[in-house]
Amino acid sequence: MMWSPDPEALRGRVAVVAGATRGAGRGFAAALGEAGATVICTGRSSMQGRSGSDYDRPETVEETAELVTRLGGTGIAVQVDHLDPGQVQALAGRLRRDHGRIDVLVNDIWGAELLKGGPAQWNTPLWEHDLDDGLRILRLAVDTHLITSHHLLPLLIAEPGGLLVEVTDGTTAINADRYRISVFYDLAKAAVNRLAFSQGHELEPYGATAVAVSPGWLRSEMMLDNFGVTEDNWRDALLPDRSGGLPTAPEGFARSESPRYVGRGVAALAADPGRARWNQQSVTSAALARAYGCTDVDGTRPDGWSTR
């Protein structure tokens, strides 16, 4: 029998997914919606405009909120630039007025996928890297998380049991002996793991939990576009091209995962009364899936880090 989410597991809980427009952020929001949560979906890309987004993409926070509602939760879209403390402070005020608290905060803000470049630009030494681009990577990956936590964590500790999820690429253990793309990218992803550890230390006395979570090879909208496939036919990227040449995607893409997979792991974590045992840990989507028995939307349980 295929695993399916419990539509009442998070009914009555209030979650904020910061950076919910696309990719893993949309996956977190959707999975929390599957479990019945009220999900505030924030990001820069809105039907009202892109608000300085680094991407020229069609996805919006309103689309994510609508998906949450279709899946059984209550989706609420709020356009927020998480680099702007004033906007995040205003979000906190709205949340305090409308809900009084939040139960889950997912810090998934990123926005530097273009700045990190493609494989041809990876391994560029620090002294040859564009300094402005590199510093913006750090601002998008780290400053946004600090600003968001500063303003929203008081709402998370309003009642015991809150969960903070810091989203990164690679666990503490995985990244410990691997150089990741560039000094700036490497530092950004290591820093977010440490943020979960340090915030977990500060949250523990209030009965709250902080965990760093890393997806595997994510089939984001941008990744699917890159390989010329959709979520419905993504395995076609592993087949030889029409001329009989090499596949569009490398072999490892077979172990990729939909954004919902990591989201389901976090939804299960949020519903776990014993979630405090995860405090300050750094885990993959596959580790959460094994712990809680959840699967991806196709019933599989991929582990994109298992052979890296």
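Quick notes on the rules
- Residues numbered from 1 in each chain as written.
- Predicted model: local features only at pLDDT ≥ 70, side-chain atom pairs only at ≥ 80, totals over all residues.
- Heavy atoms only, no water.
- Salt bridge = Lys/Arg side-chain N within 4 Å of Asp/Glu carboxyl O.
- Helix = DSSP H or I, 4+ residues; strand = E, 2+ residues; numbered from the N terminus.
- Buried < 20%, exposed > 50% of the residue type's maximum accessible area, 1.4 Å probe, protein only.
- Phe/Tyr/Trp six-rings, centres within 6.5 Å; stacked < 30°, edge-to-face > 60°.
- Lys, Arg positive; Asp, Glu negative; His and termini not counted.
- Contact = heavy atoms within 4.5 Å.

In the nomenclature of an unreviewed UniProt entry, the protein chain corresponds to Short-chain dehydrogenase from the organism Streptomyces xanthophaeus.

The next point concerns the pattern of salt bridges. Considering all chains together, one arrives at 21 salt bridges under this definition. One salt bridge in this structure joins Arg-180 and Asp-169, with 2.7 Å as the shortest N-O distance. A residue pair is termed long-range when its members are at least 10 positions apart, and Arg-180 in the loop between helix H5 (172–176) and helix H6 (183–203) and Asp-169 in the loop between strand S5 (163–167) and H5 qualify at 11 residues. Side by side, Arg-180 and Asp-169 carry an identical accessibility label, which is buried.

Moving on to the packing of aromatic side chains. Taken as a whole and assessed by the stated rule, the structure comprises six aromatic pairs. Relative to Tyr-185, the ring of Trp-110 lies with its centre 5.7 Å away and its plane at 80°, an arrangement referred to as edge-to-face. With Trp-110 in the loop between strand S4 (104–107) and helix H4 (131–156) and Tyr-185 in helix H6, this residue pair connects regions lying 75 residues apart in the sequence. In this structure Trp-110 comes out as buried when scored by relative accessible area, which is 16%. Assessed through its relative accessible area of 4%, Tyr-185 is described here as buried. Feature note: the residues Trp-217, Phe-227, Trp-234 and Phe-253 constitute an aromatic cluster, connected by ring pairs.

Let us look at the side chain of Lys-189. Relative to the elements of secondary structure, Lys-189 occurs in helix H6. Buried charged residue Lys-189 carries no salt bridge. Nearest counter-charge: Asp-169, at 5.9 Å. The residues touching Lys-189, leaving out its near neighbours within four places in the chain, are Trp-110, Thr-168, Asp-169 and Asn-175.

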